[in-house]
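Here is what each chain is made of, one letter per residue.
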Amino acid sequence: ESLFRPQQSLAGRKVTITAGPTREALDPVRYLSNHSSGKMGFALAAAAQRAGAEVTLIAGPVNLATPAGVKRVDVTGALEMRDAAERAADLCDIFIGAAAVADFRPAEVAEQKIKKRDDNSEETLALIKNPDIVAGIAARKERRPFTVGFAAETEKVVEHAQGKLARKKLDMIVANDVSVADSGFNSDRNAVTVIDANGSMALPSALKTELAEQLIEIIAAKAQKQ
Ligand code: CTP
Ligand code: CA
């Protein structure tokens, strides 16, 4: 046995993480989605696993390898992600919503491929709001894990993220300026501000893998005190 043991800040703890985009079907061959790569959520899953946690990673459609030792649940739409998240949250201590859940889905999913019309008349698409997955978990009265959200913003980043922290009743939110070049959504790097009821702390731009290590240490420390 090695004398060197990494700090196991999450030893014996169960962590659930959502990651990647969701895909909202329009018909059998089409969907609405976004450019989320899933890299941040996957990096968090890897870091939590290395910190000793038992990790369930609920992943939308992404092109990433499953981190070693992590239990992965693949989902497609927001409703499917919500069901998987609720199931995993029943058993977990910490829930991290890193997914870029589509805010809306088509009101109806056509059973057959939608055909275009012959005339040039305008088409409209009816959308309905998807459930807020992380807010649903945070609103629990029972079996409520320490709940962390992300906020993707293009302006007034901290202000908007503070609003989401309060509205969704989260324990912590990671604010992400997605307007900065080489940061956020599809990048390997990210710069974030961590916000909770006690204040905020900026973490400078770093590789998502490095940032994930820092975030997991912060979350482990905060969840401990709960
Ligand atoms: N989120 C979620 N379910 C949704 C929408 C968002 O769980 N249906 C979670 C995201 O995973 C993230 C947080 O809520 O942790 C914030 O997501 P974001 O898109 O930044 O905020 P929204 O509340 O959707 O508001 P808006 O997109 O209008 O800024
Ligand atoms: Ca959103």
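Residues numbered from 1 in each chain as written. Chains lettered and ligands numbered in written order. Predicted model: local features only at pLDDT ≥ 70, side-chain atom pairs only at ≥ 80, totals over all residues. Heavy atoms only, no water.

A.B. asks: What am I meant to see in the layout of surface pockets here?
C.D. replies: Unoccupied space between atoms shows up once a probe the size of one water molecule is rolled over them. Considering only enclosed or pocket space, the largest pocket measures out at about 880 Å³ in volume. Lining the largest pocket are 38 residues; nearest its centre among them are Ala99, Ala100, Val101, Asp103 and Phe150. When residues of the lining of the largest pocket are assigned to their parent elements, the largest contribution, four residues, is made by strand β9 (residues 146–153). Split into classes, the residues belonging to the lining of the largest pocket amount to 17 nonpolar, 13 polar and eight charged. (1 Å grid on protein atoms, 1.4 Å probe; cavity = no way out; pocket = protein on both sides within 12 Å on 5 of 7 lines; lining within 4 Å. Points joined across faces, edges and corners; volume = space filled by probe spheres on them. Helix = DSSP H or I, 4+ residues; strand = E, 2+ residues; numbered from the N terminus. Nonpolar A, V, L, I, M, F, W, Y, C, P; charged D, E, K, R; others polar.)

A.B. asks: What is the right way to look at the UniProt feature "binding site: CTP" (unreviewed entry) in the chain in this model?
C.D. replies: The feature "binding site: CTP" (unreviewed entry), as annotated in UniProt, sits at Asp103, Lys113, Pro131, Asp132, Ile133, Val134, Phe150, Lys164 and Lys168 in this numbering. What stands out for the annotated residues spanning 66 residues is how far apart their C-alpha atoms range, the widest pair being 37.3 Å apart. Considered against the largest pocket, the annotated residues that line it turn out to be Asp103, Pro131, Asp132, Ile133, Val134, Phe150, Lys164 and Lys168. Structurally, Asp132 can be placed in the loop between β8 (127–129) and α3 (133–138). When its relative accessible area of 36% is taken as the criterion, Asp132 is described as partly exposed. A distance of 3.0 Å separates a polar side-chain atom of Asp132 from the backbone nitrogen of Ala135. Among all residues touching Lys164, those that are not within four sequence positions of it are Ala151, Ala152, Glu153, Lys169, Leu170 and Ile173. (UniProt positions renumbered as here; feature names shortened; annotations may be inferred. Buried < 20%, exposed > 50% of the residue type's maximum accessible area, 1.4 Å probe, protein only. Polar contact = N/O pair within 3.5 Å; in protein donor to acceptor, adjacent residues only side chain to side chain. Contact = heavy atoms within 4.5 Å.)

A.B. asks: Is there a simple way to think about the side chain of Asp27 in this case?
C.D. replies: On the secondary structure map, Asp27 appears in strand β2 (residues 24–27). The class of Asp27 is buried, set by a relative accessible area of 3%. Within polar-contact distance, the side chain of Asp27 engages the backbone nitrogen of Val29 at 2.8 Å. In terms of polar contacts, Asp27 uses its side chain to reach the side chain of Arg30, at 2.5 Å. Ignoring any residue separated from it by four or fewer positions in sequence, one finds Asp27 in contact with Val109, Ala110, Gln112, Lys113 and Ile114.

A.B. asks: Would you mind going over the site of ligand 1 with me for this structure?
C.D. replies: Around ligand 1, 14 residues are found, and the nearest of them are Gly97, Ala99, Phe150, Lys164 and Lys168. Between ligand 1 and Ala99, the relevant distance is 2.7 Å, taken from an oxygen atom to a main-chain nitrogen or oxygen of the residue. Between Ile133 and ligand 1, the recorded distance is 3.0 Å, taken from a backbone N or O atom to a nitrogen atom. In isolation ligand 1 has 570 Å² of accessible area, and contact with the protein removes 76% of it. Judged by the fraction of its atoms near the pocket grid, ligand 1 is located in the largest pocket. For the shell around ligand 1, the secondary structure elements donating two or more residues are α3 and β9. Among the elements that line the shell around ligand 1, the one with the most residues is β9, at four residues. Considered class by class, the residues forming the shell around ligand 1 number eight nonpolar, two polar and four charged. (Near = heavy atom within 4 Å. Areas by Shrake-Rupley, 256 points an atom, 1.4 Å probe, with all protein chains shown as cover. Sits in = over half its atoms within 2 Å of the grid points.)

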